[in-house]
Amino acid sequence: MLCEMLSILYTPDTHITDCVCCLSPCNSVCLVYFPDACINLIPCQDNGAICIQPCSPSFHGETSFVCEDRKWQMLSDACANLDVQSLFQRISQSELLSCSGGHGGAAGEHLPFVGGGKPGHGKPGDGAKHFGAGNHSCQADFSCIIPDILSSPAIPGNIADIVELLKKISLQLSENVTRGKMQSYSRIANHILNSSIISNWAFVKDRNAGSILLDSVNLFAGKLLLRNGSESIQEPFIATKGYSIHRNTSAKSFDFSMEFNSTVNITGQVVIPEDELLRLPRASKAISVALPTLGAILEPNQPDPAFVNGLVLSVSLPEELRSVVLTFGKLDRREQAGARCVGWHSLERRWDAGPCALRALSAAAVVCQCAPRRRAYRSFSILMAPGAPRSPLLALLTRLGLGLSILSLLLCLLIEALVWRHVTKTQITFMRHFCLVNIAASLLVADVLFILAAIVHDTALNYQLCVAATFFLHFFYLALFFWMFTLGLLILYGLLLIFFKITRSAFLAAAFSIGYGCPLVISVLTVAITEPKNGYLRSEACWLNWYETKALLAFVVPALSIIVMNLIVVVVVVVKTGRSSFGEGCKSQDLSSMIRVSKNVALLTPLLGLTWGFGLATIIDSRSLAFHVVFALLNAFQTREALRMNCFSSRRTWGLEKVKFIYFPING
């Protein structure tokens, strides 16, 4: 009785905000609550359990619930009151009659059922109330079914049925698409694309409904007949434009300005360049469709946290045209709202950066160049790329750190040049200082390239310059780590291979192969594999891509591997320097040994790049400001500490008398 009393609270007009009571298969009562809040009368028992309940008598379909944290949560809602089979039969019969002069026969008699509607479900009289008499003829522009659809609530079940209706129309009734048909089609689609009911899409049973709708709209709009060489049809949440094009026309553009919600407008533009029009062998047509809210519906299919930040722009072009230029106005115009140009892969039903390349980026808009493909890519948009948090403190630390690093490196190289002849008299000191000079030179060039890459990206984005800057930035940062690795190997050589001699020529060959050869191979392979797919760069900076191609792994994996190996070197040094002294003398000698070990760790940590290990935290949680500040501080002072300990040593180059004999005993 309680369930019967509570079930009447749910009606189509509640828009899924009131309580729904149901009887589960295990005979336990469950009460599902939504934003307006109710409580569970009897908690569900097993997480993952499914409760499927029939709809109220005036609806057909069913509602599914899932048990989560001992509470029933709505999984999908297929309750609907539209009879889409009847609607489709009316317009299909009308279409046949209009084409055959009234000899259509029972055209809809053998049509397969569309959507979830079940004739006979519902209260008596519902059909007359919603659909009117079934025998009255429908105009050829589908307008007779518009009142029935617009008067129905945009609940999840009706949304699914309308999507199936539009799909059926696109597949079977898309010949001779006149302006009237396109207007009716747009009004139907607009009803379920309204920004006020987008949240209801989350409970549509078919998770691919948004993609199906997009494909259906593209198919139908692509067959639009143009009057006088152009056409323009606009509803609040779907707009369609078309032009006749041929090789002698100037560049064509489709300009859209649409309402995203009651307070935000969003713009977009599709431009067909003149050099593309020259490819046309004959006169043809170009159709473009703009959808401001569909991106929020397609968003859940994304594997990464990025979300659509602009219009979804679809194009229907002749096969001879290979690329178009798309301009997207941003919804989120905050400074950290970067962008990635993407195309919707209609076969795999996901966003893909493969067919698009970023051409320009500003705070308000993004310019993309995309390659439409009839079978796969016809719709495009931009994804907001969540990146590092922006803050005045982090920006200040980055600038100060770069400035301090560059000055320290210049000073270090100057000092090395002045004392080179005095500190490289022996074989081992030559090898040590040779590694130090290459570490400093690699980091100096990388720092300068980092600044240049930021300037190239922030002022006037040039794609080729950005690719070049990213390639050399990748190469020199890798060179920095591989020279640190070479230095770590040299330390192990001095510690463990005391009686093994290595010639200068052999050392130089091995050092250059490791220090510059390995980075060159990795950098070239990275750009060669990812750039043809437009997956080399990320959109918000001149740096390696992450979300689409994971090109960043070509830097992260070698860098972190070297950090781990150099950490092992530090452990070996600590064991070697501490083992010979601890416990062999008085407490003052033990304290002296502890201090010496601490100095060794303090010296080798910046020198072998161990502070870069904290960069792993920024990869795991890229949105954490604390991780980025700590990483910026550590790396800002890494170069200064290495300079102070290695270039300003008081007596020996290493600055630690006891350590130098243990590191390199052949130094004498």
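As the structure is a computational prediction, the values presented were derived from the model and not from experiment.

Below, the discussion takes up the state of the cysteines. Counted by the stated rule, this structure contains four disulfides. What pairs with Cys 55 in a disulfide is Cys 79, and their sulfur atoms sit 1.8 Å apart. Across the S-S bond of Cys 55 and Cys 79 the torsion is about -95°, and the bridge reads as left-handed. Of this pair, Cys 55 sits in the loop between β3 (50–54) and β4 (62–68) while Cys 79 sits in the loop between β5 (71–77) and α2 (84–100), placing them 24 residues apart in sequence. Cys 55 gets classed as buried once you look at its relative accessible area, which sits at 16%. The buried category is assigned to Cys 79, whose relative accessible area is 2%. Here Cys 356 engages in a disulfide with Cys 370; their sulfurs sit 2.2 Å apart. On the sign convention where negative means left-handed, the S-S torsion of about 115° between Cys 356 and Cys 370 marks this disulfide as right-handed. On the criterion of sequence distance, the pair formed by Cys 356 in strand β16 (residues 356–361) and Cys 370 in strand β17 (residues 365–370) is long-range, its members being 14 residues apart.

A few words on the nonpolar core. The biggest cluster of nonpolar side chains holds 56 residues, and the ones touching the most others in it are Tyr 477, Leu 490, Phe 507 and Phe 555. Looking at this core, the elements that each hand over two or more residues are α10 (392–423), α11 (427–458), α12 (463–496), α13 (504–530) and α14 (553–579). Broken down by element, this core gets its largest block of residues, 22 residues, from α12. In this structure, Ala 154, Ile 212, Val 217 and Leu 291 belong to the second largest nonpolar core, which totals 54 residues.

The next subject is the sheet that holds β5. With antiparallel pairing, three strands are arranged side by side in an open sheet as β3-β4-β5. The outermost strands of the open sheet, each flanked by one partner alone, are β3 and β5. The mean angle between the axes of side-by-side strands here comes to 30°, regardless of whether they run parallel or antiparallel. Note: β4 against β5, six bridges, orientation antiparallel. Among the inter-strand pairings, Glu 68 is bridged to a residue of β5, identified as Lys 71.

We now examine α13. Over its 27 residues, α13 runs 38 Å from end to end, which matches the ideal 39 Å to within 8%, given 1.5 Å per residue. Maximum bend of α13: about 35°, positioned at Gly 517, with proline Pro 519 one to four residues after it. Buried within α13 we find Phe 507, Ala 511, Gly 515, Pro 519, Ser 523, Thr 526, Val 527 and Thr 530.

Before going further, it helps to examine a nonpolar patch on the surface. A contiguous nonpolar surface patch, about 390 Å² in accessible area, is contributed by Val 448, Phe 450, Ile 451, Leu 452 and Ile 455. Along the chain, Val 448 turns up in helix α11.

The subject of this paragraph is helix α6 (residues 179–193). For α6, spanning 15 residues, the distance from its first C-alpha to its last is 20 Å, which sits close to the expected 21 Å at 1.5 Å a residue. Where burial is concerned, most of α6 is hidden: twelve out of the 15 residues are buried. When α6 is considered as a whole, its buried residues turn out to be Gly 180, Lys 181, Met 182, Ser 184, Tyr 185, Ser 186, Ile 188, Ala 189, Asn 190, His 191, Ile 192 and Leu 193.

Of the two faces of β3, the one holding Cys 51 and Gln 53 is buried and the one holding Ile 50, Ile 52 and Pro 54 is not buried anywhere. Relative to β4, β3 runs antiparallel, the two being bridged by five bridges. Note that in β4 the partner of Gln 53 across the bridge is Thr 63.

Moving on: the packing of aromatic side chains. Evaluation of the coordinates by the stated rule reveals 19 aromatic pairs. Measuring from centroid to centroid gives 5.0 Å for Tyr 243 and Phe 254, while their planes differ by 50°, and the two rings are tilted. Highlighted residues: Tyr 243 in strand β7 (residues 238–245) and Phe 254 in strand β8 (residues 252–259), separated in sequence by eleven residues. A relative accessible area of 26% means that Tyr 243 is categorised as partly exposed. Aromatic side chains Trp 420 and Phe 430 sit 5.9 Å apart centroid to centroid with 75° between the ring planes, which places their arrangement in the edge-to-face category. One end of the pair, Trp 420, is in helix α10; the other, Phe 430, is in helix α11, and ten residues separate them in sequence. For Trp 420, a relative accessible area of 25% corresponds to the partly exposed category. A cation over an aromatic ring shows up here: Lys 168 above the ring of Phe 88, its NZ or CZ 5.9 Å from the ring centre. The side chain of Arg 504 reaches across the aromatic face of Phe 430, ending 3.9 Å from its centre.

With that settled, the discussion passes to the pattern of salt bridges. In this structure the tally under the stated criterion is seven salt bridges. One salt bridge connects Arg 279 with Glu 276, and the closest N-O pair in it is separated by 3.2 Å. Take Arg 279: its relative accessible area is 36%, and that puts it in the partly exposed class. Judged by relative accessible area, which is 5%, Glu 276 ranks as buried. Overlapping salt bridges, with partners in common, bring together Arg 179, Arg 227 and Glu 231 in one network.

The next thing to look at is the environment of Leu 444. With respect to the helices and strands, Leu 444 occurs in helix α11. The exposure class of Leu 444 is buried, given its relative accessible area of 14%. Between the C-alpha atoms of Leu 444 and Leu 413, which are 31 residues apart in sequence, the distance is 9.8 Å. In contact with Leu 444, not counting residues within four places along its chain, are Ile 406, Leu 409, Leu 410 and Leu 413.

Here is what the cut-offs are and how they apply
Residues numbered from 1 in each chain as written. Predicted model: local features only at pLDDT ≥ 70, side-chain atom pairs only at ≥ 80, totals over all residues. Heavy atoms only, no water. Disulfide = S-S within 2.5 Å. Helix = DSSP H or I, 4+ residues; strand = E, 2+ residues; numbered from the N terminus. Buried < 20%, exposed > 50% of the residue type's maximum accessible area, 1.4 Å probe, protein only. Core = buried A, V, L, I, M, F, W, Y, C linked by side-chain atoms within 4.5 Å. Pairing = 2+ DSSP bridges. Axes fitted to C-alpha atoms, helices over the stretch in contact; angles between N-to-C directions. Expected span 1.5 Å × (residues − 1). Bend = angle between axes of the 7 residues up to and from the residue. Patch = residues over 30% accessible without salt bridge, like charges linked within 9 Å, V, L, I, M, F, W, Y side chains within 5 Å. Areas by Shrake-Rupley, 256 points an atom, 1.4 Å probe, with all protein chains shown as cover. Salt bridge = Lys/Arg side-chain N within 4 Å of Asp/Glu carboxyl O. Phe/Tyr/Trp six-rings, centres within 6.5 Å; stacked < 30°, edge-to-face > 60°. Lys NZ or Arg CZ within 6 Å of the ring centre and 35° of its normal. Contact = heavy atoms within 4.5 Å.

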